[in-house]
Each structure stands twice: as C-alpha cells, then as structure tokens.
There are 4 protein chains.
Amino acid sequence: MIITVKPSITSADFKELSHFIAQFDESVNSLNFLGQNVLFLPKNTLSKEQVNAIETHSAVEKVVFPPQAYQLCSKEWRNEPTSFSIGNTQVGPNQLSIIAGPCAVESEEQIFTVAKKLAELNVEFIRGGAYKPRTSPYSFQGLETEGLKLIRKAADAYGLKVVTEVVDRSVLDDVAQYADVLQIGARNMQNFFLLKELGRIDKPIFLKRGMSAKIHEWLAAAEYIIANGNPRIILCERGIRTFDDSLRNTLDVAAIPLIKDLSHLPIFADPSHGTGNRKYIEPMAMAAVAAGADGIMVEVHPNPDLALSDGDQSIELRSLEKLLNSIRNLRN
Amino acid sequence: MIITVKPSITSADFKELSHFIAQFDESVNSLNFLGQNVLFLPKNTLSKEQVNAIETHSAVEKVVFPPQAYQLCSKEWRNEPTSFSIGNTQVGPNQLSIIAGPCAVESEEQIFTVAKKLAELNVEFIRGGAYKPRTSPYSFQGLETEGLKLIRKAADAYGLKVVTEVVDRSVLDDVAQYADVLQIGARNMQNFFLLKELGRIDKPIFLKRGMSAKIHEWLAAAEYIIANGNPRIILCERGIRTFDDSLRNTLDVAAIPLIKDLSHLPIFADPSHGTGNRKYIEPMAMAAVAAGADGIMVEVHPNPDLALSDGDQSIELRSLEKLLNSIRNLRN
Amino acid sequence: MIITVKPSITSADFKELSHFIAQFDESVNSLNFLGQNVLFLPKNTLSKEQVNAIETHSAVEKVVFPPQAYQLCSKEWRNEPTSFSIGNTQVGPNQLSIIAGPCAVESEEQIFTVAKKLAELNVEFIRGGAYKPRTSPYSFQGLETEGLKLIRKAADAYGLKVVTEVVDRSVLDDVAQYADVLQIGARNMQNFFLLKELGRIDKPIFLKRGMSAKIHEWLAAAEYIIANGNPRIILCERGIRTFDDSLRNTLDVAAIPLIKDLSHLPIFADPSHGTGNRKYIEPMAMAAVAAGADGIMVEVHPNPDLALSDGDQSIELRSLEKLLNSIRNLRN
Amino acid sequence: MIITVKPSITSADFKELSHFIAQFDESVNSLNFLGQNVLFLPKNTLSKEQVNAIETHSAVEKVVFPPQAYQLCSKEWRNEPTSFSIGNTQVGPNQLSIIAGPCAVESEEQIFTVAKKLAELNVEFIRGGAYKPRTSPYSFQGLETEGLKLIRKAADAYGLKVVTEVVDRSVLDDVAQYADVLQIGARNMQNFFLLKELGRIDKPIFLKRGMSAKIHEWLAAAEYIIANGNPRIILCERGIRTFDDSLRNTLDVAAIPLIKDLSHLPIFADPSHGTGNRKYIEPMAMAAVAAGADGIMVEVHPNPDLALSDGDQSIELRSLEKLLNSIRNLRN
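Everything in this summary refers to the structure shown in the same document. Everything numeric in this text was worked out from a predicted model, so none of it was measured.

### Quick word on the overall build of chain A
Inference 1: Within chain A, the secondary structure is distributed over 11 helices and 15 strands.
Inference 2: Computed over the C-alpha atoms, the radius of gyration of chain A is 21 Å, within 12% of the 20 Å expected from 2.2 N^0.38 for a compact globule of 332 residues.
Inference 3: Summarising its shape, the C-alpha atoms of chain A cover approximately 65 × 40 × 35 Å along the three principal directions.
Inference 4: The buried share among the 332 residues of chain A stands at 65%.
Inference 5: Of the contacts formed within chain A by residues at least 6 apart in sequence, a portion of 68% connects residues at least 24 apart.
Inference 6: Accessible surface, chain A: about 11,500 Å² in total, of which carbon and sulfur atoms supply 44%.
Inference 7: The centroid of the 35 positive side-chain charges in chain A is displaced by 2 Å from the centroid of its 40 negative side-chain charges.

### Notes on the interface of chain A and chain D
Inference 1: Listed as interface residues are 38 residues of chain A and, on the opposing side, 38 residues of chain D.
Inference 2: Counting the surface chain A buries against chain D, the share from its top three residues, Tyr138, Phe193 and Arg241 of chain A, is 24%.
Inference 3: Of the charged contacts in the structure, one is a salt bridge between Asp168 of chain D and Arg169 of chain A, with a shortest N-O distance of 3.5 Å.
Inference 4: On the surface where chain A and chain D come into contact, there are 21 residue pairs in polar contact (both at pLDDT 80 or more).
Inference 5: Those elements giving two or more residues to the side of chain A that touches chain D turn out to be helix H6 (192-198) and helix H7 (215-227) of chain A.

### A short note on the relation of the copies chain A and chain D
Inference 1: Expressed as a screw operation, the relation of chain A to chain D combines 0.0 Å of axial shift with a rotation of 180°, fitting to an RMSD of 0.0 Å. Put plainly, the chains are arranged around a two-fold axis. Within chain A, Ser212 of chain A has its C-alpha nearest the rotation axis, a separation of 3.1 Å.
Inference 2: Most of the interface of chain A is mirrored in chain D, where 100% of its interface residues are also at the interface.

### Overview of the sheet that holds strand S1 (residues 2-5) of chain A
Residue and element names in this part refer to chain A.
Inference 1: Ordered by their spatial adjacency, 4 strands build an open sheet running S2-S3-S1-S4, and the pairing between neighbours is antiparallel. Two strands close off the open sheet at either side, each with one partner strand: strand S2 (29-33) and strand S4 (60-64). Taken over all neighbouring pairs, the strand axes of this sheet differ in orientation by 25° on average, direction set aside.
Inference 2: Direction of pairing for S2 relative to strand S3 (residues 36-40): antiparallel, over a ladder of 5 bridges. What sits directly across from Leu31, in S3, is Val38.

### A short note on the packing of aromatic side chains
Residues and elements named next belong to chain C.
Inference 1: According to the stated counting rule, one finds 28 aromatic pairs over all chains in the structure shown.
Inference 2: Considering the side-chain rings of Phe33 and Trp77, the 5.2 Å spacing of their centres and the 90° angle between planes classify their relative orientation as edge-to-face. Taken as a pair, Phe33 in strand S2 (residues 29-33) and Trp77 in the loop between strand S4 (60-64) and strand S5 (84-86) lie far apart in primary sequence, 44 residues in all.
Inference 3: When the ring centre of Trp77 is taken as reference, the NZ or CZ atom of Arg78 above it lies at 6.0 Å.

### Here's the deal with the sheet that holds strand S3 (residues 36-40) of chain B
By definition, the strands of a sheet pair up through backbone hydrogen bonds, in either a parallel or an antiparallel sense.
All names here are of chain B.
Inference 1: Ordered by their spatial adjacency, 4 strands build an open sheet running S2-S3-S1-S4, and the pairing between neighbours is antiparallel. This sheet does not close on itself; its edge strands, each paired only once, are strand S2 (29-33) and strand S4 (60-64). If you compare each strand with its neighbour and ignore which way they point, the axes differ by 25° on average.
Inference 2: Contacting strand S1 (2-5), S2, S3 and S4, helix H1 (residues 11-22) runs over the sheet at an angle of about 10° to S3.

### A closer look at the packing of helix H3 (residues 108-120) of chain D against helix H4 (residues 145-158) of chain D
All names here are of chain D.
Inference 1: In the contact formed by H3 and H4, the axes pass within 9 Å of each other and the chain directions differ by 30°. Between H3 and H4, the angle falls in the class roughly parallel. Crossing geometry of H3 relative to H4 is assigned as right-handed. Seen from H3, the contacting residues are Glu108, Ile111, Phe112, Ala115, Lys116 and Ala119; seen from H4, they are Leu150, Ile151, Lys153, Ala154, Ala157 and Tyr158.
Inference 2: Taken together, the residues of the contact of H3 with H4 sort by class into 9 nonpolar, no polar and 3 charged.

### Remarks on the pairing of strand S9 (residues 161-165) of chain A
Residues and elements named next belong to chain A.
Inference 1: The element S9 is extensively covered by neighbouring structure, given that 5 of its 5 residues are classed as buried.
Inference 2: Residues Lys161, Val163 and Glu165 point to one face of S9 and Val162 and Thr164 to the other, with burial holding for every one of them.
Inference 3: Where strand S8 (residues 125-127) and S9 come together, 3 bridges link them in parallel fashion. Bridge pairing in S9 links Ile126 to Val162.
Inference 4: Once you follow S8 into helix H4 (residues 145-158) and on to S9, the crossover reads as right-handed.
Inference 5: Taken together, the 3 bridges between S9 and strand S10 (residues 181-184) define a ladder with parallel strand orientation. Note on S10: the bridge partner recorded for Val163 is Val181.
Inference 6: For the segment spanning S9, helix H5 (residues 172-178) and S10, crossover handedness is right-handed.

### Thoughts on the pattern of salt bridges
Residue and element names in this part refer to chain C.
Inference 1: The final tally for this structure, using the stated rule, is 88 salt bridges over all chains.
Inference 2: With a closest N to O distance of 2.8 Å, Arg209 and Glu237 form a salt bridge. With a gap of 28 residues between them, Arg209 in the loop between strand S11 (205-208) and helix H7 (215-227) and Glu237 in strand S12 (residues 233-237) connect regions that are remote in the sequence. Pair check on accessibility: Arg209 and Glu237 agree, each one buried.
Inference 3: Where Asp305 meets Arg278, a salt bridge forms, and the shortest distance between an N and an O atom there is 3.4 Å.

### Digging into helix H3 (residues 108-120) of chain B
Residue and element names in this part refer to chain B.
Inference 1: Helix length check: H3, at 13 residues, gives a terminal C-alpha distance of 18 Å against a target of 18 Å (1.5 Å per residue), a fit within 8%.
Inference 2: Those residues of H3 that fall on the buried side of the exposure criterion are Gln110, Ile111, Val114, Ala115, Lys117 and Leu118. All buried residues of H3 fall inside an arc of 165° around its axis, so they share one side.
Inference 3: Check the buried side of H3 and you find it contacts strand S7 (97-101), strand S8 (125-127), helix H4 (145-158) and helix H11 (317-331).
Inference 4: Trailing H3 by a residue or two, Asn122 shows a phi angle of about 60°, which is positive.

Here is what the cut-offs are and how they apply
- Residues numbered from 1 in each chain as written.
- Chains lettered and ligands numbered in written order.
- Predicted model: local features only at pLDDT ≥ 70, side-chain atom pairs only at ≥ 80, totals over all residues.
- Heavy atoms only, no water.
- Helix = DSSP H or I, 4+ residues; strand = E, 2+ residues; numbered from the N terminus.
- Rg over C-alpha atoms; globule rule 2.2 N^0.38 Å.
- Buried < 20%, exposed > 50% of the residue type's maximum accessible area, 1.4 Å probe, protein only.
- Contact = heavy atoms within 4.5 Å.
- Areas by Shrake-Rupley, 256 points an atom, 1.4 Å probe, with all protein chains shown as cover.
- Lys, Arg positive; Asp, Glu negative; His and termini not counted.
- Charge placed at Lys NZ, Arg CZ, Asp CG, Glu CD.
- Buried area = accessible area lost by both parts, 1.4 Å probe.
- Salt bridge = Lys/Arg side-chain N within 4 Å of Asp/Glu carboxyl O.
- Polar contact = N/O pair within 3.5 Å; in protein donor to acceptor, adjacent residues only side chain to side chain.
- Least-squares fit on C-alpha atoms with pLDDT ≥ 70 in both.
- Pairing = 2+ DSSP bridges.
- Axes fitted to C-alpha atoms, helices over the stretch in contact; angles between N-to-C directions.
- Phe/Tyr/Trp six-rings, centres within 6.5 Å; stacked < 30°, edge-to-face > 60°.
- Lys NZ or Arg CZ within 6 Å of the ring centre and 35° of its normal.
- Parallel < 35°, antiparallel > 145°, perpendicular 65-115°, else oblique.
- Left-handed = near helix turned anticlockwise from the far one by under 90°.
- Nonpolar A, V, L, I, M, F, W, Y, C, P; charged D, E, K, R; others polar.
- Right-handed = clockwise from strand over helix to strand, strands pointing away.
- Expected span 1.5 Å × (residues − 1).
- Arc of directions from axis to C-beta.

Limitation: the analysis is restricted to geometry and does not speak to function.
If you want it as structure tokens, here you go:
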C-alpha cells in the first residue's frame, strides 16, 4: 500500500501524516523517490475504514494497492516512466544509453584503448569487471582494486562514466569509490543482503535479471533496493536459461515491453550475454531497441580472441561503430 | 553430402552423373530445388577417393558436407537466401510479408470482415484455422470443410492468399484444395509421416517451430519436406516453452538471425502465439522485424473478446493498421 | 460435468435419463467405462436448477464437476485407481508391470533373442518399434509392416504381449492388427486427430507424456481418447525437456504421485528415454517404483552398441535380470 | 591436474615435491583432504615431459587429469565415496542421514517442540533458518541472531546437530558460532565470494543446487570450497526450475546417481523444496532414497498452516514418523 502526498505539503504535514498512519500500522515507511515524498506499508494490514481515513486526509493525494512484492516499482503507483541523471547524462525514456566495454579490465592499455574509442563514438558509459564471478575457481577472477583504478583512470581521461560489478557486500565500498553505476550480476539478483545494502548507497544500480528469474521476482529484487532508500535503478535483461542450447542464453526480448507495462523503471538489454556469440549481437541489439529498450550494454574488446573472459560474445572496436549506427538509426 | 551440378549440363548428363554416384552409394537422390538440380546422399558413406572422383567429374560444380540432418536446408549448400513466389506475391529477403487473420474461421461475416480490411491494408495473406488443434477435447474444434470454403471465398473476393493449418494427413487433400499455403502447427512439427507427405504436395509449407524444438530439430523437420520433393518452405518462430510464465510463450527472437546464419530458408515470426497477449504483439513484431524476419503472422479478429479461440492474443482490426505502419516504417 | 448412474438401473432407465438431460443440453454423451455407465457434458452449461433436477433424478447416483478438460480422467469422478486386463495380464495398482524390448525391431534373430529372455524373466510385455519417429529424415525409419510381423511372431512364440508405436492414423489399422497395446509417442501426445481415432479402437493405449507437456495437457490428451470411447489408457512419464543437458531428458519422477493424486489412470515410467544413458536406468527405475509407478518400460538390446537406434539408453539382456530383481525386491 | 602422494612420505618429502612441481608451475597448491595429502594445479599448463617427470617422482603415487573445473570433487581423483563425521554422527555411504525442522525458527516453543520430536525419532540433524532469503522485501526475514540462539539451545537440549543457512559473508561468523553444518541456499550457490570464505571455515557445508544450475556448475561451486581448504561438503538436490508449474520445482532425482557417478561427495535430497507441496514429500523422499541419496532434508512444523514461511511444503510432526519408517524400511 502506497500513499502519495500532495506536492504542496510541508515537511511538518508529512510528518504528521506519517504519525497519523502509524497509529494504524507502525511499520509505515517513508521514502523520497527522486523528489517525490511517499509513505508505504510493507503489508496490507489496514481495514476499509482506516484506508478511507487516510484517503480523505487533507495531505493525501492518492492511495494505491499495487502488487505488494514490488509496489514501489509498479506503474500502479507511478505511471510515468522514471528518468534520472548520472552526472551530466540522463537515463530513461527518450534516451538510448549505451554501455560498452570489455568483460573484464585486463590492463591499462586494454582499457584505455577501449575508452578512447567509446569517447569517439559518443558512448556515455564504459563497463569492465574488476571482480569477476566465474563458474570455475580456476578461471581468471579479475584484477580487483587494481582493475577499479584502471577503469576509473581511463574513464576520467575520456569523460566517461564507469559501470562495474559489485560481487559481494565486502567489496561494496571499494567498488563504490571508483564506479558511477554499480552493476549487480545475474547470480546476485537474489543476494538479498547485498540488495538491502545497496539501498543505502547513493549511486545508481544496474540490476541484471537472474538467469532463471521470473519477472515478478526481478521486480521484487529491485524493490529491496528502493524500499531501503535508493530509487535509481536500471533493470537489464541479459538472457534466461532455457532448453535451447544453440546459444548461451535466450534473450527474453518480451521482458522489455512487459517491464514497461508493469514498472516505471528504465530497462536495458545486454545482447552479449543474451546470445554469447558476437555474430548475433547486432540483430539482437536491434530487436531490443525496436521492442523499446532504454539502453544497450554490449561487450567490446580490442582483440576478442585474446580476451581473458567472454571473448566469444565481445565484438571488435571497429564493429561497435556499425552497431551504434544501426541502433541509433533505428531509434530515430 | 550434396552434389551441385553445373548449370549448363543436360538432363542426360545429369542422369549419367546420378548413375556414376549410384555405383558408390545406391541411395543417391535427386532434387530440383527451385530450378537448381542437385544430387544428395542421405548418409556420408563414401571414401575419400570416391568423393574425389565425384568432385572432379565434369558435370559437378561442387560437393559440400553440411550438417547431415539438415543438409538441404543449409547455408553450406545454398548460400543465398531462398525466395519464391506464391501466386503474384514473393516471399523471401527484401520482402516483409504479412499474414493476418483470426485464429479460427468462425462465420462468413467474420472472415469477410477481416478479408476486406486486409485488402485495404495491402496485406497479402489471410490466415484462419478450419481444423483446430485444441488441448481440451471439449473446446471448439473448428468449422472443418465449411471453414475452408469460407476462407477461400473471402480470400477470392478480396484478392488474398489463404494460409491454413493441416492437422493430419487425412485432411491434407481437403485443405490443399482450398489453401495457397499449408501451415504445420507447433504440435505437428515432428509429425514425420505428415512431413513426408508434404514433400509430395505442390504448395508452400509454413512450418512453425515446436514449442520445445531445438533449432537443429526444426531444420531437420524442414529437411523431411525438402528431401521428399517440396522446396518451398517458410519457417516461423512462434515462441518456446520456458520456466517464465508471465506470458504464454517466450518468443525466441534470436532464432531469427540464427536461422538466417544456418539456413537459406525464409523465416517469419508470430508474435501472437509468441506472447499470448495482445498488449505485447506490436513491440514483439517490431523486435522480430528488427532482428531480420522476412514476415510476420499476426492474429486479428473483428471482436477479440468474442473470439471462439485465442482472443487474448488477437488484435482488433483497427490496431492492425497501426501495427503495419510501425513495422513497415521500421523496415524502411 | 459427469453424471454417475446407480448400478441397478436398466438400460431403458439409462436412455430415459439421457433424454432427460438432453433437454437441458443436447451435447450430453454416454460412455461405458469398464462396466460403469456414465453420462457427461462437454461444457458446464447448466443452471443450478437444472443440476439440481438431475441430482435428484431417481437413476442418478452423483453429479461431479471435475476440471473440465480431463473430467473422465479425474479422481473427482472415479476415486479408486483403474485396473484392467490385457489378455491374461492385469495392469493397475498392486501390479508392477514390465515392458521391455529394443527401441526398434531390427531382425528376426534380434527380436526372438529378446523375447526368449523376457519369457525367462517373467516379463509380460515386449516392446519394439516398427515405425520409428526420427529427428532426421536420413536416420533408420523402422522395418514397418515387416517389423510388426516379426514382433508378433516372437511374442506368440514366447507368450508375450506386444506394445508398439502408432505414428500416424494411416498406419493405425496395420499396427492394431499386430499389437496388444498401442503406444503413442511423446511427439504425438497432442496429435488430436490420432487421439480421437484411438477412442474407437478396442486396444489399450500407452500414452507417453510430451516432452514439454504440462500435467493437465497430458490428462487432456488422455481425455480425448476416453471421451471418444476407449477407457483403457496407461500413462507413461518419459522425461521432460529442461535446461539441464547432463542427460537426454529430466525424468519428472514427481509426475508419478501427482498423476496418482489427480487421476485414476495407471502410470508407468520409462527410465530409458528419461535418462538417455544406460548407467542411470536402474537407479531411476528404482526411484520411479519407490514413487509409486504401476509399471516400468525399459529398452533392452542383445547388443546395445550395435543398435540401429537409441543404443545408449538400452541395457544388455543380462543387466535386465539384475534390474528386475532390484525393482521387484523394492516393490515387496 | 591432481598429484596424489604416497601415504608413506614425510612432510619434508611433501614439501620437496611441492617445490619440484613449483619450478614448472608456481601456482601449485596443496591440500589435506580428510587426511590425504594432495597437490593440485589450477590449470593444465605442463608439458608432457614435465608431467612425466612428476609421475616418475619417488613421492608420487599418481597424477590424474579430471575435468578441470571440479577436479577435487571428481571420481577420477578419488574413486571411493567420501564419508566424514560431524560430532558423533557419520555422513556418507551406508548412512541415511536425516535433517528435519521448520523452514524458519519462529519461537522457542516451536523449535523445542520440533527438537523433542526429532530426538524421539532418532533424527540426527535439526534445521531451521534464522536468516531467511525471501523473494519479497516485505516477507518475514527471520529472527536472525535470536533464532540462532534458540535453535542451538533446542539442539543442545536434545542432543541434535544444527544445520542452518548462511546468507551472506557478513553473518558467517555469527552463524558458524551456533551451527554444526552451514547451509548454502540455492540462490547463493554461485556467490563465489562466500564460497571462497567457506573454504577457510572448519565446519561441514551443506551446498544446495542452484535452481537453474547445471551439474558441472554445481560441482564447480563445491570446488571453490574444497580448493580453499574445506573438504567436508554435502551436496543437496532441491529441485530445478522448469516449464512445469504443477509443482514449485522439478526434483531432479537423476542428479543423485549422476553426482555419484561424477563425484565422491555425499548427495542428499530435499523433497520439501523439490515439490513445494507436502502431499508429495513422502513419495519423493522414497524416490530419492531408492535412487541412492545419502540423506534427506525435510521441513516439518508443529502446525504447518500457521508457519511464517513455506508452510505448504512442511509436514506435521506426526507425519514425520511415518515418513521415516517408510524410507528407513526402503533403505534396508
């Protein structure tokens, strides 16, 4: 249950309203969602009379009852698509944000080469993992803090924003120090302790869908972050695991319009993980944009065949220009 | 193993070559694939020397060894995309064919109303089931022959081609008499007896992907039809069954570029079955076209809420115009 | 909606009751289900008053409203598990029926060798495909009528019952002439034309689950057969298709207790197709029996490594004895 | 690559051997696996000559090359099933360990009631979550430290071992203080930071399979723990996510013999999560035991209908006795 207040009310009124509701249910919470003050209840515990009393309270604009597990993510509460700034860049509808970069930061030369090219192509965000979640304990696990420093340096040199993954709460502060956007990978989508902690961070979160997550579970994961105080979330469809083994994953393109129908949050797509094969990245990026994606994340590498991880799904730098032209034309 | 002959050779030469190969493997088969004469072997049984003898034969252009289960469908054999005519219409690359119509033919009024609108919108193909495969024995099973007559009449009145489903070999002649294109539904994709029989029919086949069919199984199903003599096949991605239950199926958009990479056959998409929900048909049609689909099948109904089957995934006639404008613009 | 009549009523009473109900809904159907007379309506169209009139009719024992798509399969209608005879053998609870034999009939010597061993081990049913549904058009397609004659001859020589697959309506009469039990394979589970025709056959049907069929779809497929007049159905779980590719299929063992909870029909399991790997056949046969399976189908071959199809999932004849001892001990 | 040393060698010899190998590859690691000293290389980097030099070294018993991602888990290295003690209890082959208890610790009365019953039934392990991973941020999240204290107290009062979940590295020390066995839930199976940390803990780990984890990914997750120093791992199959929605998950019973074939680690099954429905817990526990499971985890609750989480899949205390009798009889 969410209670939206009138824009005009004072903070004293807001406090008073909060106390008014707390007499019915003490667990009432407040949130400032990108400038909009709301109160919400974790559970729908109120009687019809109590709801009525709230609805008719002079400070209240409306009371809504979205699906409870993702009420703050829902369109029922916030009908207009959410848009927010990251530095001098805007994310949301009417944008087509691009996040590009290698799977992992491997060396200063590698990340600077990529950053330079991205700047030339007017890409806003550079990605690159410093802590890598790898299936095998014996695979390359990332350069860790050293990698973070390198990507930050490269980004600063070329005026880019850094998107990089937080793999555990214990490295959150380290990553947050260097990144502009914190990525949560598919395997951590339901790492609820980490999600709660992200609520307390003042950086946008790039929340990838778990590889077998249902749509409502994904939105509930986003809800953990918002309910704990952080409204700036970008969802990213990155392929689900199905019986089909022709490609690494099945990019669930329909999740894009579905999320747009259920939620106000921006939704991106990652055709690199979504296919696992660079041959299909461009058509699937096109498909995602045509279906309404607000942005694309794509893996690029100066020399994909020598990449320390995920080379198969990385495109070459020169292919990125063609890809960007295609999707930007499509968008227009 | 496929042997392509030189365009210049006579039919006597072709016969001689066939006998030449038959001395190595009696199971050699010949096929005229849209004007191109080929010989093919069901199994790769020949020795290196025998292959060499064939490759150096004066009538032979080239010998290729595509994946055996779908060799005649493969790009290894036929690199250029296949295109063919259906009456005065062309299917293949550089087209964006539209097949629209109700799930089932329900009445003369219904099917004529649809046909009239399709003609106005320059849609070439009308669809409508006369024999309906239904999960429950107690659901509406179609108007059968009466339905076939109605859709033929409506199509003729408005200059459209008819696409309708063959559900069993026993109704094949009945359906072939009225249809221009024979649809094979997802549940029949591996009805091998029916597939073989379709090889002997001189009508294009619209072969939907089975709901849990892998890509190579789908191409092997098409191979049954081609190897038995019918080269005119259109593949149609219609959604696969996955753990995700937000929508009826998961439209596997990546199957479109994947098929284009593996096969020369035209590939369509059906966003109606692919989503099961009319709200998502337009974005998913857009996605399919952006990913390279050669055509779209979509369910329309004069009054979806009263449809005897699949109303949820049918759009209204007036929505069709908007949809067509969107995808035709995207294509250009 | 199903109307069970009192055991004592005459056929004149039954006819009268049928007319009585037909005045409310003309689509009322009658069925003799293994000696039990019932009337059923395809749709729940009646008013409360009409239902009441039927319930209080002197010939009526009870009126039930099971899930409509599989009402005749349901426990709501028929609470006791169904059991029936096939020649001198009984299928149902308190039995542990064994069906064994090669994937395909390959030669007289092969099928006689198998039959002899089965008779020694007190196995009641021999299986062996004569018409084989194969993914590739170039794979061995079975010996057809010749195969049927061979398996019948071998079965007669050793006092066995024949279970073999019907792949198309056009071969139904041919197969029915030689078989004691007609198998419907996973790919044909929703071949509705074939299912309807099976309703008119007086032979038990062995209905395998489709590889991506939900439980209610499987029961609805059985309903097609029963509603068309054939009550003797055996369901067989044979593995579903999932993301897991360690084995050919995922044997859904839980389908066994689930079917027993929803339906009165006997349920078997096929650990050969369920795993695709002979190493796991015995533990999975054990699991199926422990979960309550009424029978097991298993592929055996005198020389699995030379089998023309599915050799990987066939056990040797000498392993069959060990397997049977294990599962028969478990059952006791 | 794993190098097993002769049982007779001294620690000086072992050190010498380690240095000998390090000259070829510095990343060589040593491990004491339940009394057995081994050396292993993360990557197979050595030349044929180098391998030969190691194989013929006087301290070396054998060199094996199992699948690299789970070499320490593999049967290729350690053919006999692993067995180990937890206090006065043994886990491994020839045991049938039982872990029972509520989904979550809810109150002192609840957990003591359960513990008392478990002791009466000779169950060795009590389970109960103190930190609960919940899909929705608004669901009951567990009693946290208070819950740990309660389950410890109840276990001590009745001579039981405690199995409880670690949901994040930050609570690891807290949980390890109270638990005898640390459970890693399905959502954390690929939380690699946590897995590495578990390698340094001297408590057995109960590692549940991720809901869409392939077998080799699951073993690679176990490898993280072993390679970091902790050899005492119990794997637990708890159901995978498939298209089938009749039950909460599909218990992949075949994973049990498959794991036994690939790995020496003990494997348990959890029919509560595996089905999500208490009606099917007993038959699926039976199936798991028949397939070779070394233990069963089952949720019980004094009053399942009032449980704060997962009540649907918890059985009543009185049903537990029947279940245990059934599976213990089956085992004998």
